[in-house]
Amino acid sequence: MADDIRLDVNKMNDFSTGFDKDIADGSFEQKAMNSYNLFTRKQIDANRFEKFCRYGLIDPYNSHMYTKEYLFFTKPDLHVFERYEENGKMLELNKKVAQNDYFAGAVLTNRRSLELLQQTYFQGGIDARPIWNTLLSNQVSSKLDLPNIAADMTEHNMNLYGIRQYFRDSSRAQEYGFDFNLEFKDTVNLDVYHFFKAYNEYCNFEYEADIPPFDKHILNNIRYKEFSIYKIVVNDVNRIVYYAKHIGVTIKGLPMDAMTDVDGVETFSIPMHTFHVVELKPYILNEINMLTIKQCGSSISKSNILPLYDSETNMANTEWGTAPFITSEKVNNSSYYPEYHFYLQWRR
């Protein structure tokens, strides 16, 4: 993580009312406040994990007032196009794929959707790697489901009175083999539908025509038809409150029935299957940074991190971000819990 990057808006003490600062411990003001079952942040942080609030805890400091979910999709690496050659110029369709009638037409009408199916397609040459599937992130219109974790129970022998005792085993198996659906809002050009249509057509045609994968897929045993989805939930100052990752996601089907009545911008649901779901493990955030560095370079500074606030217009900065980037911020008062926060930021 890049601990040296700071967001000005994260210095919350600069924007606070001074409410906690003005009330000293043991003062009359604090006692009067406590008599109404109201407490300062310091009192709540000191007692939450050690004592009971007898009349119900009122905690405006840590309530979820606003959250937003971001979904970041990586790309599969289907062999749709040939590799780059001179000057970063893209070659034609894979000769096998070019024999398919759908791809022969789609490369003329929805080429950019096809490009998202292949990581080895480099915009701007070999040094620029658009790893993130921004189309799906921009067009997704539903939340990413997570599995309900329930541990297996082992039954032991029944006693003389017919009573059985059960002991808890691992719940690890519940994290694997999860089916879910995501909804997407499409464009007038059906860019999203063509992405999933091309994926489905490629998998079918690969089975029928024996499309060869890249050599690196065979040598490194890469499951090139799968991709990952990162789920990041942030609050109103982009502090990360929850994060998870779907590993080995496969697209199971295509909602052709959604095209029965194409009226305006179409919204449809895509069935997917994930191999493994993990949550709240810091390496997930580190992976996001590693992928962004591969695409944008390792040079990190305030000049290439998008600010939340535009000082010229005195309004929010809404510039489009090239890729997500995670930074850490140490809490100003280390005696408070937690000690560190993670923030979602954006690379230019």
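A. Structural view of the overall build of the protein. When its secondary structure is counted, the protein shows nine helices and 11 strands. For the protein, the proportion of its 348 residues judged to be buried stands at 41%. For the protein, the proportion of contacts with a sequence separation of at least 24, taken over those separated by at least 6, is 67%.

B. Highlighting the packing of helix H4 (residues 101–109) against helix H7 (residues 191–209). Packing of H4 against H7 leaves a shortest axis separation of 10 Å and a crossing angle of 150°. Classified by the angle between their axes, H4 and H7 sit roughly antiparallel to one another. Seen from above, H4 lies across H7 with left-handed handedness. Seen from H4, the contacting residues are Tyr102, Phe103 and Ala106; seen from H7, they are His194, Lys197, Ala198, Glu201 and Tyr202. The residue makeup of the contact of H4 with H7, split by class, is five nonpolar, one polar and two charged.

C. Representation of helix H9 (residues 283–296). Taking 1.5 Å of rise per residue, 14 residues should cover 20 Å, and H9 covers 19 Å from first to last C-alpha, within 8% of that figure. For H9, the complete set of buried residues consists of Ile284, Leu285, Ile288, Asn289, Leu291, Thr292 and Gln295. Across the axial projection of H9, the buried residues extend over an arc of 165°, all falling on one side. Here the buried face of H9 lies against strand E5 (227–234), strand E6 (240–251), strand E7 (267–279), strand E10 (323–330) and strand E11 (340–347). Trailing H9 by a residue or two, Gly297 shows a phi angle of about 100°, which is positive.

D. Molecular detail of the environment of His217. Here His217 lies in helix H8 (residues 215–219). Taking the C-alpha atoms as reference points, His217 and Asp77, separated by 140 residues in sequence, lie 9.0 Å from one another. Apart from residues no more than four positions distant in its own chain, His217 is found in contact with Asp77, Ile222 and Tyr224.

E. Examining the nonpolar core more closely. Grouped together as the largest cluster of nonpolar side chains are 43 residues, with contacts concentrated most on Phe103, Leu182, Phe184, Phe196, Ile229 and Met272. Sorting the residues of this core by element identifies strand E1 (68–73), H4, helix H6 (134–139), strand E4 (176–185), H7, E5, E6 and E7 as the ones contributing at least two each. Among the elements that make up this core, the one with the highest residue count is H7 (nine residues). Residues contacting Phe184, with those up to four places away along its chain left out, are Phe73, Leu136, Gln139, Val140, Ser141, Val192, Phe196, Glu266, Thr267, Phe268, Ile270 and Met272. In this structure, Tyr70, Trp132, Ile288 and Ile326 belong to the second largest nonpolar core, which totals 19 residues.

F. Structural detail: the confidence of the model for the protein. Confidence in the prediction for the protein averages 85 pLDDT; 86% of positions are at 70 or higher. Per-residue pLDDT stays below 50 along residues 1–20; that stretch engages in 42 contacts with residues further than four places along the chain or on separate chains.

Cut-off values and rules
- Residues numbered from 1 in each chain as written.
- Predicted model: local features only at pLDDT ≥ 70, side-chain atom pairs only at ≥ 80, totals over all residues.
- Heavy atoms only, no water.
- Helix = DSSP H or I, 4+ residues; strand = E, 2+ residues; numbered from the N terminus.
- Buried < 20%, exposed > 50% of the residue type's maximum accessible area, 1.4 Å probe, protein only.
- Contact = heavy atoms within 4.5 Å.
- Axes fitted to C-alpha atoms, helices over the stretch in contact; angles between N-to-C directions.
- Parallel < 35°, antiparallel > 145°, perpendicular 65-115°, else oblique.
- Left-handed = near helix turned anticlockwise from the far one by under 90°.
- Nonpolar A, V, L, I, M, F, W, Y, C, P; charged D, E, K, R; others polar.
- Expected span 1.5 Å × (residues − 1).
- Arc of directions from axis to C-beta.
- Core = buried A, V, L, I, M, F, W, Y, C linked by side-chain atoms within 4.5 Å.
- pLDDT = per-residue confidence, 0-100.

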